[in-house]
Amino acid sequence: MIRKIIPLLVVVLISSCGISKDIRDQRNLISGTWTLNDIHYENNQGMFKAVVFNDANAICFEDSNWFFRDNNSTGRYTIKQGSLCEGGDRFIRWSVVSSPSNYNNQLQFKYIDEKRNDISGGLGYRLNIASLSANEMILKSNVMVDAKPVTIVYEFTKN
């Protein structure tokens, strides 16, 4: 009897430690190269000048190139050099996490160096996955501007 129970417990334990099928599917869809085509704002009127991810003005991210590698959860995004933008690669470690508070999964990332060491002191960013298909991805983040909620919308297409 015990010989039958032990293998069953091992199977239950292993399956409970893995990521959900939904998260695994989203990781597989995200894996690859994307272009961030557009950043716009919802829930508020007016003009905004936003510094995104404590890195650069939102306009610098338009047409930026993003690469996500799912086998080791690393990647990078590349901003083009311009008069308002300091171009170059930014290396990241990323994952997809479940967010029970809003029922959407989230893409999270933090900055790393070329040797995959954390350079952000453990701080990172989470974006709600609003829509994800094989060709398009829409991510959203909620911020406060003058004590009013604003949603930043990031629209990507897969290359």
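The structure contained in this document is the topic of the report that follows. What you are looking at is a predicted structure, and each value in this text was computed from that prediction instead of being measured.

**Re the overall build of the protein**
Now for step 1: Scanning the protein from terminus to terminus reveals 3 helices and 10 strands.
Now for step 2: In sequence order, the protein lays out its α and β elements as α-α-β-β-β-α-β-β-β-β-β-β-β.
Now for step 3: Expressed as a percentage of the 159 residues in the protein, the buried residues total 34%.
Now for step 4: Within the protein, contacts between residues at least 6 apart in sequence are counted, and of these 46% link residues at least 24 apart.
Now for step 5: Counting every atom, the protein has about 10,000 Å² of accessible surface; 54% of that belongs to carbon and sulfur.

**A word on the side chain of N128**
Now for step 1: Within the secondary structure, N128 is located in strand β8 (residues 125–132).
Now for step 2: Owing to a relative accessible area of 11%, N128 belongs among the buried residues under this scheme.
Now for step 3: Looking at N128, its side chain comes within polar contact range of the side chain of Q106, at 2.8 Å.

**Considering the state of the cysteines**
Now for step 1: Scanning the entire structure with this criterion turns up 1 disulfide.
Now for step 2: Bridging C60 to C85, the disulfide has an S-S length of 2.0 Å. Taking the torsion about the sulfur-sulfur bond, which here is approximately -90°, the covalent link between C60 and C85 counts as left-handed. Of this pair, C60 sits in helix α3 (residues 58–61) while C85 is found in the loop between β5 (74–79) and β6 (88–99), placing the two residues 25 residues apart along the sequence. Neither residue differs from the other here; C60 and C85 are each classed as buried.

**Observations regarding the pairing of strand β4 (residues 64–69)**
Now for step 1: Only one face of β4 is covered, namely the face carrying S64, W66 and F68; the face carrying N65, F67 and R69 is uncovered.
Now for step 2: As judged from the 5 bridges shared by strand β1 (residues 32–42) and β4, these two strands associate in the antiparallel manner. Following the sheet pairing, G32 is matched in β4 by F68.
Now for step 3: When β4 meets β5, the two strands line up antiparallel, connected through 5 bridges. Residue pairing across strands places R69 opposite T74, the latter belonging to β5.

**Digging into the layout of surface pockets**
Now for step 1: Of the voids in this model, the largest pocket is the one considered here, and its volume is about 240 Å³.
Now for step 2: A50, V51, V52, V143 and I152 are, among the 17 residues lining the largest pocket, the residues nearest its centre.
Now for step 3: Taken together, the elements giving at least two residues each to the lining of the largest pocket come down to β2 (51–52), β8, β9 (136–145) and β10 (148–158).
Now for step 4: Looking at the lining of the largest pocket, its residues break down into 13 nonpolar, 2 polar and 2 charged.

**Focus: the sheet that holds β1**
Now for step 1: Strand order in the closed barrel made by the 8 strands is β1-β4-β5-β6-β7-β8-β9-β10, with antiparallel pairing throughout. Geometrically, the sheet is characterised by an average inter-axis angle of 35° between neighbouring strands, direction not taken into account.
Now for step 2: With 8 bridges joining them, β1 and β10 adopt antiparallel strand pairing. Paired with L36 across the bridge in β10 is F156.
Now for step 3: In the packing of helix α2 (residues 21–30) onto the sheet, the strands contacted are β1, β4, β6, β7 (104–112), β8, β9 and β10, and the crossing angle to β6 comes to about 160°.

**Brief notes about the pairing of β8**
On a regular strand, one side chain projects to one face of the sheet and the next to the other, so that they alternate.
Now for step 1: Both β7 and β8 contribute to a ladder of 4 bridges, which runs antiparallel. Opposite Q106, over in β8, you have N128 as the bridge partner.
Now for step 2: Note that β8 and β9 share 4 bridges and pair antiparallel. If you follow S131 over to β9, its bridge partner there is I138.
Now for step 3: Connecting β8 to the antiparallel partner β9 that follows it, the hairpin turn spans 3 residues.

Conventions we followed
Residues numbered from 1 in each chain as written. Predicted model: local features only at pLDDT ≥ 70, side-chain atom pairs only at ≥ 80, totals over all residues. Heavy atoms only, no water. Helix = DSSP H or I, 4+ residues; strand = E, 2+ residues; numbered from the N terminus. Buried < 20%, exposed > 50% of the residue type's maximum accessible area, 1.4 Å probe, protein only. Contact = heavy atoms within 4.5 Å. Areas by Shrake-Rupley, 256 points an atom, 1.4 Å probe, with all protein chains shown as cover. Polar contact = N/O pair within 3.5 Å; in protein donor to acceptor, adjacent residues only side chain to side chain. Disulfide = S-S within 2.5 Å. Pairing = 2+ DSSP bridges. 1 Å grid on protein atoms, 1.4 Å probe; cavity = no way out; pocket = protein on both sides within 12 Å on 5 of 7 lines; lining within 4 Å. Points joined across faces, edges and corners; volume = space filled by probe spheres on them. Nonpolar A, V, L, I, M, F, W, Y, C, P; charged D, E, K, R; others polar. Axes fitted to C-alpha atoms, helices over the stretch in contact; angles between N-to-C directions.

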